[in-house]
Amino acid sequence: CGEYLSPGCLPLLERMGVLQSLYGVGARPLFGMRVHTAGGQALQARYPPPHHGLAIGRAWLDPILLDVAIKSGAEFLSSFQASDLAWEDGQAVGIRGRDRGHAALLRARLIVGADGRNSVVARRLGAVIRHRWLDKLALVGYVVRAKRADDVGEIFLGRDRYCILNPITPELTNIGLVFNRREFEPTPDLTHSLLQAASALPGLSDRLAHARPIAPARCLGPLAHSATRLTAPGALLIGDAAGFLDPFTGEGIYAALRSAELAVEAATPSLLTNADGVP
């Protein structure tokens, strides 16, 4: 979602005890969204005070979330690569994968698939289906010297695509172009393709005239998918693993945080009892 956190994320982050840490590393308040239409109109919505969103790079957000998880008792195995579920009598009992080049099995009473749009857990549940008509890709990158607003996120609409500008720092802008996957032509220079296609959208040519990329662009997709089942005995899906539609809504990180919170609330009572149901 272009490293954008909607206002709904902030109470969740406050409950986790990390919101002030995000401000401490430079998270920028965003007070609304501005949508530029293909016809040259600008539509702006301001969040009602005191609500606001945040712009923060994942390079800052993710380590803070990982740190609070570890301090809360989580064990982080950075070398483990998941590849399959382990089943016994029709119930998921663990994750199979490789750890430092060796086959490994991690057993657990509950497997939570929080592994994104290419979720191993969702695929092994046989739950992933592509969206019937929304088939999108995204090119994303970072630029400096783009002309953009400092206190709102901006979306520029084309006929069948759109571009998002999100102000990460006073100089750094996250730029993301979302378009139909069938129109993607692989190229050795994705960064040039991103800026060229974005500059062709109404209202963006002048904004990006002096923009300078500072990192290679990345391609993400296909984006739209859904899960036909969110749970199985011993397993459940949250966040993008459970389904994803379109980054236009800006609710991707909120959906991840809120579905995780709901999963904890639902699973904790069972996990605090033994197999016979005794606390």
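In what follows, the structure referred to is the one given above.
The following paragraphs examine the structure supplied in this document. (Residues numbered from 1 in each chain as written. Predicted model: local features only at pLDDT ≥ 70, side-chain atom pairs only at ≥ 80, totals over all residues. Heavy atoms only, no water.)

### Looking at the side chain of His52
Step number 1: With respect to the helices and strands, the residue His52 is situated in the loop between strand E4 (42-46) and strand E5 (53-55).
Step number 2: Residue His52 is classed as buried on the basis of its relative accessible area of 14%.
Step number 3: At 2.8 Å, the side chain of His52 and the side chain of Tyr23 are in polar contact.
Step number 4: Apart from residues no more than four positions distant in its own chain, His52 is found in contact with Pro7, Leu10, Tyr23, Pro29, Leu30, Phe31 and Tyr47. (Helix = DSSP H or I, 4+ residues; strand = E, 2+ residues; numbered from the N terminus. Buried < 20%, exposed > 50% of the residue type's maximum accessible area, 1.4 Å probe, protein only. Polar contact = N/O pair within 3.5 Å; in protein donor to acceptor, adjacent residues only side chain to side chain. Contact = heavy atoms within 4.5 Å.)

### Describing a nonpolar patch on the surface
Step number 1: Taken together, Leu66, Ile70 and Phe76 make up a surface patch of nonpolar side chains, about 260 Å² in accessible area.
Step number 2: Following the sequence through the fold, Ile70 ends up in helix H3 (residues 58-71).
Step number 3: Here Ile70 falls in the partly exposed class, since its relative accessible area comes to 40%. (Patch = residues over 30% accessible without salt bridge, like charges linked within 9 Å, V, L, I, M, F, W, Y side chains within 5 Å. Areas by Shrake-Rupley, 256 points an atom, 1.4 Å probe, with all protein chains shown as cover. Salt bridge = Lys/Arg side-chain N within 4 Å of Asp/Glu carboxyl O.)

### Digging into the environment of Ile253
Step number 1: Checked against the element boundaries, Ile253 lands in helix H6 (residues 252-271).
Step number 2: Exposure remark for Ile253: the relative accessible area of 13% places this residue in the buried category.

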